[in-house]
Structure formats: C-alpha cells, structure tokens
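Listed below, chain by chain, are the residues.
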Amino acid sequence: MTKELEIIKPDDWHLHLRDGTILKSVLPYTSKIFGRSIIMPNLIPPITTVKDANMYKSRIIEALPVDHSFKPLMTLYLTETIDVMDLAEGFAKNLISAVKLYPAGATTNSSLGVNDFTRLHKVFEKMEEIGCILCVHGEIVDPDVDIFDREHVFIERVLDPIIRTFPNLKVVMEHVTTEEAVNYIKTSKENVAATITTHHLVMNRNFMLAGGIKPHYYCLPVAKREKHRVALLNAAVSGNSSFFLGTDSAPHFDSQKESSCGCAGCFTAPNTLPILAQVFEQESLLKQLEKFVSINGANFYNLPVNSEHIKLVKEKNPVEFPNKISTPEGNITVFDPGFPLYWSVKSK
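What counts and how
Residues numbered from 1 in each chain as written. Predicted model: local features only at pLDDT ≥ 70, side-chain atom pairs only at ≥ 80, totals over all residues. Heavy atoms only, no water. Helix = DSSP H or I, 4+ residues; strand = E, 2+ residues; numbered from the N terminus. Buried < 20%, exposed > 50% of the residue type's maximum accessible area, 1.4 Å probe, protein only. Areas by Shrake-Rupley, 256 points an atom, 1.4 Å probe, with all protein chains shown as cover. Lys, Arg positive; Asp, Glu negative; His and termini not counted. Charge placed at Lys NZ, Arg CZ, Asp CG, Glu CD. Salt bridge = Lys/Arg side-chain N within 4 Å of Asp/Glu carboxyl O. Core = buried A, V, L, I, M, F, W, Y, C linked by side-chain atoms within 4.5 Å. Contact = heavy atoms within 4.5 Å. Pairing = 2+ DSSP bridges. Patch = residues over 30% accessible without salt bridge, like charges linked within 9 Å, V, L, I, M, F, W, Y side chains within 5 Å. Phe/Tyr/Trp six-rings, centres within 6.5 Å; stacked < 30°, edge-to-face > 60°. Lys NZ or Arg CZ within 6 Å of the ring centre and 35° of its normal. Axes fitted to C-alpha atoms, helices over the stretch in contact; angles between N-to-C directions. Parallel < 35°, antiparallel > 145°, perpendicular 65-115°, else oblique.

Q: Help me get a handle on the overall build of the protein chain, residues and values and all.
A: Counting secondary structure elements, the protein chain contains twelve helices and 14 strands. Considered along the principal axes of its C-alpha atoms, the protein chain spans approximately 60 × 45 × 40 Å. Across the 348 residues in the protein chain, those meeting the buried criterion constitute 57%. As presented, the protein chain carries roughly 14,700 Å² of accessible surface, and 50% of it is formed by carbon and sulfur atoms. One finds the centroid of the 36 positive side-chain charges in the protein chain at a distance of 4 Å from the centroid of its 40 negative side-chain charges.

Here you go:
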C-alpha cells in the first residue's frame, strides 16, 4: 500500500538563490515546496544595507511563478563597518530577519567578510538588545588550522567568546558538520541553535574523495568523517528544538564546479524533502521530520508555523529527479544522494 505523510509546509533557514537568470532558474524548486527561506546575502556586491535587501527581495518576488506562495526572509552581510542604525531600523520594520557573519575568505563570496571580530561588539550589543539573530558561518580561516578542524576551532576561538560576552544574543551556527558542534549546541542555552543541511546528513568525506575527486560533493564546510555524519543525523531526528533544516542549497554552473579551482556548494533544492523523508524513515523516526523542517526553525525565529500543509507520498518505484537543470548561462548539477529515492512531494 502507498505510504503517506502529511506535514506542515516546511521552511528553509539557509538558502542561496544567486541573482539574475540563475535566480529565475533555481527559485521555483524551493518556492514550490517551502513557505519561507532565509536568503543568503553573499552576492557580488554583497547585501550590506536594508535598501540592498529590499531591492534583492523585489527581484526574488518578481522571479516567483505566479502560483507559488513563498516569502523570502532577507539578511544583511555583516562587515566591520556596517551601519548599526540601518540594521536596527530594518529589523524593527521586519525588512530583515537576521544578519550573516562570514569570516573573510571562509567560503563563496566572503572576501568582504570579517577579519577582526572585536570590531563587531557594538553591533552584537545592539542585536542582543533588539533580538536580531546572528547567523554564523562557523569556520576559522587561519591557514595553520587543518580544513577538517576549522569548525570546532572556530567554536573555541570565536563563537564561544562571542556568546559568553553577549549571553542573550540569538545565534544560529549554520550548516554544522561535526560532533563537537552538535555537542556545543546541545549544551548551550536556548538562544543558540544550529541548522543542518540535507547533504551533510547523507554524505561523509569519502563521497568527495574515494575513487577520485568528485567536485559536485565539494562544499564548505567540507563533509567530515562518518562519526560526524552520524552525530548530525542523530541531532536531526531527535526532535531537539535547537536543530532545524537549513539546506545551504548552493547552485553553481558545472563549468565552475568542474574546474581547476571548483566552487564549493551542493544544489539540493530539487530533491531535499524526498531525501530527508527517506533518511528519517530509515531511522524509524519519520514522525520527527515535521519538527526538523517545519516547526523548530519557525519557533526559533519567533514566527508562526505555516498554515498550509504538504503531503509526502512513498511510491512503489524509485522517483525520477533531474540530474541537471539548464539555465541560459549553463547547466547546474543536482545533488545525488547516492541511493534511489521513493518519496515524492504532493500539494495538499
């Protein structure tokens, strides 16, 4: 018999949509399924003012298919010279939902990010006062630190000192990848949370490196050992309110991925929910999926859960998903989880 699961319409609390023609090509894969998404601000040039955020939001809304109801939640790209009053006013007027901290050079389009974290104390003080959420790309960029250790070293050197200095600041550690990060979130106060991506739940570093380098599995933070993937999985399926979905779906053209210096990112928007349903089912915890994708994040962001519902259906035969999507500027490869998918998403 067909297996079905009805859940509250999900949200994506970490999403890259890019801009221009690529935005129009990738947006429908998210807007068809998700009610809201936290939109990353690392465009070129980055979104550093509320005016920039408003203009970007307008471009996103213009690119929406007419029958999709989707709300982009905008963020500002944190710099050491950000206008604190602009930030506060934008948050008070619900024009932005969070501020994103990129250590300079840590990931795609982060060169204008932060070098000296002590210069941000006035910003953090204001954000703590008004309740604005700080979203953090949690990796140290010290060249002496091994790339597989950058996350837990960042926690020790940067994140924990910030949280101790500003104990009421709401912080989301984005796309956690390590057992150390999971344990840190579990033992933190309720104002500290983490997003977990779809791809980090299903792959370890062997996916990228064993049997040849596979550039479409290269992302930042990089996938870690199997024990870390298991820690992420256990956190996601636990129902713990401090963990929720942030896909970090990051489209890059194949020409950018398959190059001598390939871009970091996995494009998971087209098949995220079917992958997650299968992963949660394999753990015999499908009942926890709704908390992870639809409830925990909304609660942390002080937003009501979506009023609409969607239905997930387990099919008898594997469901076909596109391997690539074409855009006017080139192809984008869709993330391959490495196993057949049997779940599909239906409108309620």
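After that view of the structure, there is still more to cover.
Q: I'd like to hear about the pattern of salt bridges, residue by residue, with values.
A: Across all of its chains, the model carries 15 salt bridges by this definition. Close ionic contact of lysine 9 with glutamate 308 constitutes a salt bridge, the shortest N to O distance being 3.7 Å. Within this pair, whereas lysine 9 is found in the loop between β1 (3–8) and β2 (12–15), its partner glutamate 308 is found in the loop between α12 (289–300) and β11 (309–314), the two being separated by 299 residues in sequence. Between aspartate 142 and arginine 157 there is a salt bridge, with the nearest N and O atoms lying 3.2 Å from each other. Highlighted residues: aspartate 142 in the loop between β7 (133–136) and α5 (150–165) and arginine 157 in helix α5, separated in sequence by 15 residues.

Q: Account for the nonpolar core, naming residues and giving values.
A: Grouped together as the largest cluster of nonpolar side chains are 94 residues, with contacts concentrated most on Leu78 and Phe124. No other element matches the seven residues that α5 contributes to this core. Leaving out residues up to four positions away in the same chain, leucine 78 has contacts with Val99, Lys100, Leu101, Gly113, Val114, Leu120, Val123, Phe124 and Leu134. Leu73, Ile133, Phe300 and Tyr301 belong to the second-largest nonpolar core, a separate cluster that totals 15 residues.

Q: Would you mind going over the pairing of strand β12 (residues 324–327) in detail, with residue names and values included?
A: Residues Ile325 and Thr327 point to one face of β12 and are all buried, whereas Lys324 and Ser326, pointing to the other face, are not buried. Judged from the four bridges that link them, β12 and strand β13 (residues 330–333) form a sheet pairing that is antiparallel. Bridging from a neighbouring strand, threonine 327 pairs with glycine 330 of β13. If you look at the hairpin formed by β12 and β13, you'll find two residues sitting between the two strands.

Q: Residue-level account of a negative patch on the surface, with values.
A: Taken together, the side chains of Asp146, Asp149, Glu156 and Glu180 define an acidic patch exposed on the protein surface. Assignment of secondary structure puts glutamate 180 in helix α6 (residues 179–186).

Q: Now, about the packing of aromatic side chains: what can you tell me, with residues and values included?
A: Enumeration over the complete set of coordinates arrives at eleven aromatic pairs. Both rings, one in phenylalanine 207 and one in tyrosine 217, keep their centres 5.4 Å apart while their planes meet at 80°; by these two values the pair is edge-to-face. One end of the pair, phenylalanine 207, is in helix α8 (residues 205–209); the other, tyrosine 217, is in the loop between α8 and α9 (226–237), with ten residues separating them in the sequence. According to the relative accessible area criterion, phenylalanine 207 is partly exposed, its value standing at 24%. An angle of 80° between the planes, with centres 5.7 Å apart, marks the rings of tyrosine 217 and phenylalanine 335 as edge-to-face. Note that tyrosine 217 is positioned in the loop between α8 and α9 and phenylalanine 335 in the loop between β13 and β14 (343–347), a separation of 118 residues in sequence. Comparing tyrosine 217 with phenylalanine 335 shows no difference in burial state: the two are buried. By the ring-pair criterion, three or more aromatic residues cluster together here, those being Trp13, Phe244, Phe300 and Tyr301. Above the face of the phenylalanine 300 ring, lysine 170 is positioned so that its terminal group lies 4.3 Å from the ring centre. Seen from the ring of phenylalanine 148, arginine 205 lies directly overhead, with NZ or CZ sitting 4.6 Å from the centre.

Q: Kindly report on the environment of isoleucine 196, identifying the contributing residues and their values.
A: Along the polypeptide, isoleucine 196 turns up in strand β9 (residues 192–196). When its relative accessible area of 0% is taken as the criterion, isoleucine 196 is described as buried. In this structure, the C-alpha to C-alpha distance between isoleucine 196 and valine 176, residues 20 residues apart in sequence, is 5.8 Å. With residues near it in sequence (within four places) discarded, isoleucine 196 still touches Val176, Leu201, Leu232, Ala235, Ala236, Phe243, Phe244, Leu245, Gly246 and Phe292.

Q: Any details on the packing of α6 against α9? Residues and values, ideally.
A: Here α6 crosses α9 at 30°, and the two axes come no closer than 8 Å. When the interaxial angle is binned, α6 and α9 end up roughly parallel. Residues Glu179, Glu180 and Val182 of α6 form the contact with α9, whose own contacting residues are Lys227, His228, Ala231, Leu232 and Ala235.

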